[in-house]
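Coordinates in review
Given next are the chains, with one letter for each unit.
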Amino acid sequence: MKKSKKEIKKILEILEKTYPNSTTALKYKNTFELLIAVMLSAQTTDNQVNKVTPTLFSKFKTPEDFAKLKPEELEKYIKGVGLYKTKSKNIINTCKMLLEKYNGKIPETREELIKLPGVGRKTANVMLSVAFGKDAIAVDTHVFRVANRIGLANGKNVKKTEEDLMKNIPQELWGKAHHWLIYHGRNICKARNPECEICPIKTFCNYYQDKK
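For the structure given in this document, a descriptive report is provided here. The shown structure was predicted, so the numbers you read here are calculated from the model rather than taken from an experiment. (Residues numbered from 1 in each chain as written. Predicted model: local features only at pLDDT ≥ 70, side-chain atom pairs only at ≥ 80, totals over all residues. Heavy atoms only, no water.)

1. Some details on the overall build of the protein chain
Helix and strand counts for the protein chain come out as twelve helices and zero strands. Reading the protein chain from its N terminus to its C terminus gives the helix and strand order α-α-α-α-α-α-α-α-α-α-α-α. At 18 Å, the protein chain has a C-alpha radius of gyration in line with the 17 Å of a compact globule built from 212 residues. Taking the principal axes of its C-alpha atoms as reference, the protein chain extends roughly 55 × 30 × 30 Å. (Helix = DSSP H or I, 4+ residues; strand = E, 2+ residues; numbered from the N terminus. Rg over C-alpha atoms; globule rule 2.2 N^0.38 Å.)

Right, dumping it as structure tokens:
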């Protein structure tokens with residue numbers, strides 16, 4: 001069931017009140033560390049990433065440090081995250097590209113970011129929103145699930161879900177809404193056993209209404 005503008009406004013107000021000041025759970029000290037952390041977070045929880053990054057970032061601090069590594073050297077430090085072998089190669093190649101094309105700086109456009117090895121649209125949108133304060137919605141598994149369950153989107157894939165959210169949510173709220181939906185997905189609207197009875201937006205939720 002398609003949501004009216006009034007319903008969407010109410011959903012967003014409730015989510016904002018429920019998850020005030022929500023931001024990324026990834027721990028980082030600068031833009032470069034955030035990029036590496038987001039790359040590591042694909043198909044892995046932020047908590048798991050936060051377990052490996054303190055040691056990783058104390059040892060390797062710059063693109064130069066990472067670019068010098070062989071994949072098997074980096075693998076030792078990121079074994080705790082999923083797909084670590086692939087991520088190891090991508091991180092090293094990304095750091096080489098940052099040095100060769102961008103003087104070691106992180107590019108600030110989606111078009112440039114997604115050219116970096118291992119950086120997809122979701123990672124690029126997180127960087128645009130969190131690192132650079134630009135309006136972007138990153139659709140991860142939580143955002144995809146929650147947005148489609150509620151009815152804020154009706155997308156069979158990540159790209160369509162992102163497009164629906166951009167249409168339905170005011171642009172100035174894109175970055176914040178991304179985090180509200182993530183926190184809601186982690187805390188209440190869980191994948192297997194959503195806690196609908198305690199959900200503050202159940203009145204407006206398609207999934208809950210269909211269950212009744």
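2. Concerning the side chain of aspartate 140
In this fold, aspartate 140 is placed in the loop between helix 8 (121–131) and helix 9 (141–150). Here aspartate 140 is buried and forms no salt bridge, its nearest opposite-charge partner lysine 122 lying at an N-O distance of 5.5 Å. At 3.1 Å, the side chain of aspartate 140 and the backbone nitrogen of histidine 142 are in polar contact. At a separation of 2.8 Å, a polar atom in the side chain of aspartate 140 contacts the main-chain amide nitrogen of valine 143. (Buried < 20%, exposed > 50% of the residue type's maximum accessible area, 1.4 Å probe, protein only. Lys, Arg positive; Asp, Glu negative; His and termini not counted. Salt bridge = Lys/Arg side-chain N within 4 Å of Asp/Glu carboxyl O. Polar contact = N/O pair within 3.5 Å; in protein donor to acceptor, adjacent residues only side chain to side chain.)

3. Some remarks on helix 11 (residues 174–187)
The terminal C-alpha atoms of helix 11, which comprises 14 residues, lie 20 Å apart, in line with the 20 Å expected from a rise of 1.5 Å per residue. Counting buried residues in helix 11 gives ten out of 14 residues, a clear majority hidden from the surface. Within helix 11 the residues assigned to the buried category are Trp174, Gly175, Ala177, His178, His179, Trp180, Leu181, Ile182, His184 and Gly185. Residues of helix 11 that are buried make contact with helix 1 (5–18), helix 8, helix 9 and helix 10 (158–168). (Expected span 1.5 Å × (residues − 1). Contact = heavy atoms within 4.5 Å.)

4. Structural notes on the environment of lysine 159
Within the secondary structure layout, lysine 159 lies in helix 10. Lysine 159 sits in the partly exposed class, given a relative accessible area of 41%. At a separation of 2.9 Å, a polar atom in the side chain of lysine 159 contacts the side chain of glutamate 163.

5. Brief notes about the pattern of salt bridges
Evaluation of the coordinates by the stated rule reveals seven salt bridges. The partner of glutamate 163 in a salt bridge is lysine 159, and the shortest N-O contact between them spans 2.9 Å. With glutamate 163 and lysine 159 both in helix 10 and four residues apart, this pair spans about one turn of that helix.

6. Quick look at helix 6 (residues 84–102)
Between its terminal C-alpha atoms helix 6 stretches 25 Å, which fits the 27 Å expected from 19 residues at 1.5 Å a residue. Residues of helix 6 that are buried: Lys87, Ser88, Ile91, Ile92, Thr94, Cys95, Met97, Leu98 and Tyr102. Elements in contact with the buried residues of helix 6: helix 2 (31–40), helix 4 (63–67), helix 5 (71–78) and helix 7 (110–113). Of the residues trailing helix 6, asparagine 103 is marked for its positive phi of about 55°.

7. With respect to the packing of aromatic side chains
Here the structure, examined in full by the defined rule, presents four aromatic pairs. Summarising the aromatic geometry, the rings of tyrosine 19 and tyrosine 183 are spaced 6.2 Å apart at their centres and angled 45° between planes, so their arrangement reads as tilted. You can see tyrosine 19 sitting in the loop between helix 1 and helix 2 and its partner tyrosine 183 sitting in helix 11, a full 164 residues away along the chain. Between phenylalanine 60 and phenylalanine 66 the ring centres are 5.6 Å apart and the planes differ by 55°, which places this aromatic pair in the tilted class. Each of the two residues, phenylalanine 60 as well as phenylalanine 66, counts as buried. Of note, arginine 149 hangs over the ring of tyrosine 207, and the distance from its end group to the ring centre comes to 4.7 Å. Seen from the ring of tyrosine 183, arginine 186 lies directly overhead, with NZ or CZ sitting 5.8 Å from the centre. (Phe/Tyr/Trp six-rings, centres within 6.5 Å; stacked < 30°, edge-to-face > 60°. Lys NZ or Arg CZ within 6 Å of the ring centre and 35° of its normal.)

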